[in-house]
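Each chain, written out:
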Amino acid sequence: MSSMRVHIFIILLVSTTYIISCDGTSRKAKPNIFVDERVKNTSTTVQPNGWTSDGVSEFAGIVVHGSLTSASARIAIFSPGSVTSGEFTISFISIESGEGSDFNQLQIGWAVNPDFYKDSEIHFFTFKGDHGSCSDNACTDFEYNDRSLKFGDILIPSEVGRQNQNYLDLHIYQDIGSKLWHVEANSKTVGTWNDRAFRILQNGATTIRFGGEAYTPQGWSSSPPMGSGSMNYPGMRPLTAYFEDVTVNGVAPQNPQIVETRCYVVADAGSTEFFEGYGFFFGGSGGSDEGGCAYP
């Protein structure tokens, strides 16, 4: 992003509140302002080749298996650094079930994807896989309740090194009665996936992933950054991307699978002094095998 950009910030003094959801769980909401007011009302134009799967996708984060109907996390928003055309990098919660042609997936988080969005900004995104894939406002099966925050909106990243950081506070849950999946973000009831959206996920999820993914086209020798683009020791919290207050079915995950791939790592996973609730650091600068994929 250009160093000549000027931001106008509006500071609100807001007391901490708790969100009570239809599934009966409660979680503390943080009032950080994170939507870029300049472009929040613009819609996303679908680029057919913006999200592709014929290259190499690398994931770093935690994975939980079971009979699952809700997932929550507070995801720090960072600018990952240079992401070029053909690449993308995302930080997300992924709700999954099924196999093969019956595989259902719902991803929600933040993304940098120059081909899809036609810029290098950070966007609030969703990706749905079932009955054909779609992303953001091309997903006609998603019905908004609050349009002040929409998929495709540009998000303002945290300033690296500052203790006060911007967050995407997500809660994704299935209503047991209607079987519909609902989305809340930063104290807003964003909306609901209607009964045409999913087949297998109507019966709940079997896998939930929390973390980052970096995509590289087939044959490329180097991969993009993930998270904040660094893993810094010590003092990682103001410098390195993280999840905190992670819950599955309303409670902190117990002994989740920790996944690291090539250039991207996970650190300090658990209910540690670094986080509110269960959390973990994740990411890396990317790079090539030949370059050793330096993490800082």
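For the structure, see preceding data.
The present account deals with the structure reproduced in this document. All of these numbers come straight from a predicted model, not from anything done at the bench. (Residues numbered from 1 in each chain as written. Predicted model: local features only at pLDDT ≥ 70, side-chain atom pairs only at ≥ 80, totals over all residues. Heavy atoms only, no water.)

1. Observations concerning the overall build of the protein
Moving on, step 1. Secondary structure assignment for the protein yields 1 helix and 18 strands.
Moving on, step 2. Out of the 296 residues belonging to the protein, those deemed buried represent 55%.
Moving on, step 3. Within the protein, contacts between residues separated by at least 24 positions form 73% of all contacts whose residues are at least 6 apart in sequence.
Moving on, step 4. Roughly 13000 Å² of accessible area belongs to the protein as shown, and the carbon and sulfur atoms make up 51% of that amount. (Helix = DSSP H or I, 4+ residues; strand = E, 2+ residues; numbered from the N terminus. Buried < 20%, exposed > 50% of the residue type's maximum accessible area, 1.4 Å probe, protein only. Contact = heavy atoms within 4.5 Å. Areas by Shrake-Rupley, 256 points an atom, 1.4 Å probe, with all protein chains shown as cover.)

2. What to know about the packing of aromatic side chains
Moving on, step 1. Taken as a whole and assessed by the stated rule, the structure comprises 18 aromatic pairs.
Moving on, step 2. With centroids separated by 6.1 Å and ring planes inclined at 55°, the aromatic side chains of Phe 59 and Phe 92 adopt a geometry described as tilted. Of this pair, Phe 59 sits in strand 3 (residues 56-68) while Phe 92 is found in strand 5 (residues 88-97), placing the two residues 33 residues apart along the sequence. Of the two residues examined, Phe 59 and Phe 92, each falls in the buried class.
Moving on, step 3. On the numbers, 6.1 Å between centres and 40° between planes, the contact of Tyr 242 with Phe 275 is tilted. Here the residue Tyr 242 occupies a position in strand 15 (residues 242-248), and Phe 275 occupies one in the loop between strand 17 (265-270) and strand 18 (279-283), the gap between them amounting to 33 residues. Summarising the burial analysis for this pair, Tyr 242 and Phe 275 share the class buried.
Moving on, step 4. By way of ring pairs, the aromatic residues Phe 124, Phe 142, Tyr 144, Phe 151, Trp 193 and Phe 198 are connected into one cluster. (Phe/Tyr/Trp six-rings, centres within 6.5 Å; stacked < 30°, edge-to-face > 60°.)

3. Comments concerning the state of the cysteines
Moving on, step 1. In this structure the tally under the stated criterion is 1 disulfide.
Moving on, step 2. One disulfide in the model links Cys 134 with Cys 139; its S-S distance is 2.1 Å. Residues Cys 134 and Cys 139 are joined by a disulfide whose S-S torsion is about 115°; by sign, that bridge is right-handed. Residues Cys 134 and Cys 139 agree in their burial class; the two are buried. (Disulfide = S-S within 2.5 Å.)

4. Section: the sheet that holds strand 4 (residues 70-76)
Pairing between sheet strands relies on hydrogen bonds along the backbone, with the strands arranged either parallel or antiparallel.
Moving on, step 1. Judged by pairing direction, the sheet is antiparallel, and its 8 strands sit side by side in the order 9-13-12-11-4-15-18-17 without closing on themselves. If you trace the sheet from one side to the other, it starts and ends with strand 9 (142-144) and strand 17, each paired once. Across this sheet, the average inter-strand angle for adjacent strands is 20°, counted without regard to direction.
Moving on, step 2. In terms of strand pairing, strand 17 meets strand 18 through 4 bridges, oriented antiparallel. Its bridge partner lying in strand 18, Ala 267 is registered against Phe 281. (Pairing = 2+ DSSP bridges. Axes fitted to C-alpha atoms, helices over the stretch in contact; angles between N-to-C directions.)

5. Thoughts on unusual backbone geometry
Moving on, step 1. Within the chain, Asn 186 stands out as a residue other than glycine whose phi angle is a positive 45°.
Moving on, step 2. Mapped onto the elements, Asn 186 comes out in the loop between strand 12 (181-185) and strand 13 (188-193).
Moving on, step 3. One non-glycine residue, Asn 255, lies in positive phi territory at about 50°.
Moving on, step 4. Checked against the element boundaries, Asn 255 lands in the loop between strand 15 and strand 16 (257-259).

6. Some details on the side chain of Asp 153
Moving on, step 1. Tracing the sequence through the fold places Asp 153 in the loop between strand 9 and strand 10 (154-155).
Moving on, step 2. Engagement of the side chain of Asp 153 in a polar contact is seen with the backbone nitrogen of Lys 150, the distance being 2.9 Å. (Polar contact = N/O pair within 3.5 Å; in protein donor to acceptor, adjacent residues only side chain to side chain.)

7. What to know about the pattern of salt bridges
Moving on, step 1. Scanning all chains against the criterion turns up 11 salt bridges.
Moving on, step 2. With its nearest N and O atoms 3.5 Å apart, the salt bridge here joins Glu 244 to Arg 74. Of this pair, Glu 244 sits in strand 15 while Arg 74 sits in strand 4; the two residues are 170 residues apart in sequence, bridging distant segments of the chain.
Moving on, step 3. The class for Glu 244 is buried, based on a relative accessible area of 1%. (Salt bridge = Lys/Arg side-chain N within 4 Å of Asp/Glu carboxyl O.)

8. Things to note about the environment of Phe 274
Moving on, step 1. Relative to the helices and strands, Phe 274 is located in the loop between strand 17 and strand 18.
Moving on, step 2. The sequence separation of Phe 274 and Tyr 242 amounts to 32 residues, and the corresponding C-alpha distance is 9.9 Å.

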